[in-house]
Amino acid sequence: MKKVLFIFAFMLFTMNIMAQSQIIFAGDNVCLRLRPNESSKWTGSSAPHFFTGQKLSCAGVVGNYYKVVYDGEYYYVPKQYARPRGSGSSSSTKTQSTSFDYIIIAGDNVCFRTRPDESTKLVGSRYDHVNTGDVLQCVGQTSGYYKVRYNGSYYYIPKKYGRPRY
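The rules behind these values
- Residues numbered from 1 in each chain as written.
- Predicted model: local features only at pLDDT ≥ 70, side-chain atom pairs only at ≥ 80, totals over all residues.
- Heavy atoms only, no water.
- Pairing = 2+ DSSP bridges.
- Helix = DSSP H or I, 4+ residues; strand = E, 2+ residues; numbered from the N terminus.
- Axes fitted to C-alpha atoms, helices over the stretch in contact; angles between N-to-C directions.
- Contact = heavy atoms within 4.5 Å.
- Core = buried A, V, L, I, M, F, W, Y, C linked by side-chain atoms within 4.5 Å.
- Buried < 20%, exposed > 50% of the residue type's maximum accessible area, 1.4 Å probe, protein only.
- pLDDT = per-residue confidence, 0-100.
- Phe/Tyr/Trp six-rings, centres within 6.5 Å; stacked < 30°, edge-to-face > 60°.

S.K.: Let's hear about the sheet that holds strand E7 (residues 82-85): which residues, and what values?
M.R.: On the basis of which strands lie adjacent, the open sheet formed by five strands has the order E6-E5-E4-E1-E7 and antiparallel pairing. Each having just a single partner strand, strand E6 (73-78) and E7 make up the two edges of the open sheet. The average angle at which neighbouring strand axes cross in this sheet is 45°, direction not considered. Of the strand pairs in this sheet, strand E4 (residues 55-62) and strand E5 (residues 65-70) are connected by five bridges, and their pairing is antiparallel. Bridge pairing in E5 places Cys58 opposite Val68.

Given below as structure tokens:
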């Protein structure tokens, strides 16, 4: 009986630790791995795919992979497709729609532009930057850029750093 209680207490403790750390996906259509290597991709019709901004609980790091919890089981995500984040709750889901009002950032330290071109990049420590998982209100699109609203002003973000949020 003592062994069962110890195992139960240990499992609760472990689950509490895992819930305190998360990864946020920084890529689209990312597959989980059954083991921490590239040849162990979970494929087939039952394999879930994750998109930028979705989150999973993180249970640690194994080499170049995050060990994550999905449906109560452990899987692995290559570090190149995810970023560590602090505490939070469950994973988000993606729904389909034909229009969107927000973009989610898919890159770290992304600079705003005052016009839709590279030469107007706002750089330096006095300017805000956005990172993977940040959500911005999108008010339009033009020539490879999203026009976004941030802190009451309008800026541009290259489309390669944003994903429509449905």
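S.K.: Give a detailed account of the environment of Ile104, specifying residues and quantitative values.
M.R.: Summarising the element assignment, Ile104 is placed in strand E8 (residues 102-105). In this structure, the C-alpha to C-alpha distance between Ile104 and Arg165, residues 61 residues apart in sequence, is 6.0 Å. Once residues lying within four places of it in the same chain are set aside, the contact partners of Ile104 are Thr52, Gly53, Gly133, Asp134, Val135, Tyr161, Gly162, Arg163 and Arg165.

S.K.: Go over the sheet that holds strand E12 (residues 145-150), please, and point to the residues and values.
M.R.: Within the open sheet, the five strands sit side by side as E13-E12-E11-E8-E14. Their pairing is antiparallel. Each edge of the open sheet carries a strand with a single partner, namely strand E13 (153-158) and strand E14 (162-165). Here the strands of the sheet are splayed against their neighbours by 45° on average, with no regard to which way each runs. In the sheet, E8 pairs with E14 via four bridges, with the strands oriented antiparallel. Looking at E14, one finds that Ile104 is bridged to Arg163.

S.K.: Tell me about the environment of Ala47, and name the residues and values.
M.R.: Inspection of the secondary structure puts Ala47 in the loop between strand E2 (30-31) and strand E3 (49-50). Measuring from C-alpha to C-alpha, the distance between Ala47 and Arg33 comes to 9.9 Å, with 14 residues separating the pair along the chain.

S.K.: I'd like a rundown of the nonpolar core, residues and numbers included.
M.R.: Core analysis: the largest hydrophobic core is formed by 15 residues, its most contacted members being Ile23, Phe25, Leu32, Leu56, Val68, Tyr70 and Val77. When residues of this core are traced back to their parent elements, those giving at least two are strand E1 (22-25), E4, E5 and E6. With three residues, E5 is the largest single contributor of residues to this core. Not counting chain neighbours up to four residues away, the residues in contact with Val77 comprise Phe25, Val30, Leu32, Asn64, Tyr65, Tyr66, Val68 and Ala82. One finds Ile103, Phe112, Leu136 and Tyr155 within the second-largest nonpolar core, a separate group that totals 13 residues.

S.K.: Describe the confidence of the model for the chain, naming the residues involved and giving the relevant values.
M.R.: When pLDDT is averaged across the chain, the result is 81; 78% of the residues are at 70 or more. Of the regions scoring below 50 in pLDDT, residues 12-19 engages in nine contacts with residues more than four places distant in sequence or in other chains. Across residues 88-98, where pLDDT falls below 50, the model places 17 contacts with residues more than four positions away in sequence or in other chains.

S.K.: Explain the packing of aromatic side chains to me, and be specific about the residues and the numbers.
M.R.: Given two aromatic rings, their pairing is described by the distance between the two centres and the angle made by the two planes. Applying the stated rule across the entire model yields seven aromatic pairs. Both rings, one in Phe50 and one in Tyr70, keep their centres 5.5 Å apart while their planes meet at 90°; by these two values the pair is edge-to-face. Of this pair, Phe50 sits in strand E3 while Tyr70 sits in strand E5, and the two are 20 residues apart along the sequence. Between Phe112 and Tyr150, the ring centres sit 4.7 Å apart and the planes meet at 35°, which makes this aromatic pair tilted.

S.K.: Run through the pairing of E1, naming residues and quoting values.
M.R.: Neither face of E1 is left uncovered, since the one carrying Gln22 and Ile24 and the one carrying Ile23 and Phe25 both have all their residues buried. Pairing between E1 and E4: three bridges, direction antiparallel. Across the sheet, the residue bridging to Ile23 is Leu56, located in E4. Relative to E7, E1 runs antiparallel, the two sharing four bridges. The residue bridging Ile24 from the neighbouring strand is Arg83, located in E7.

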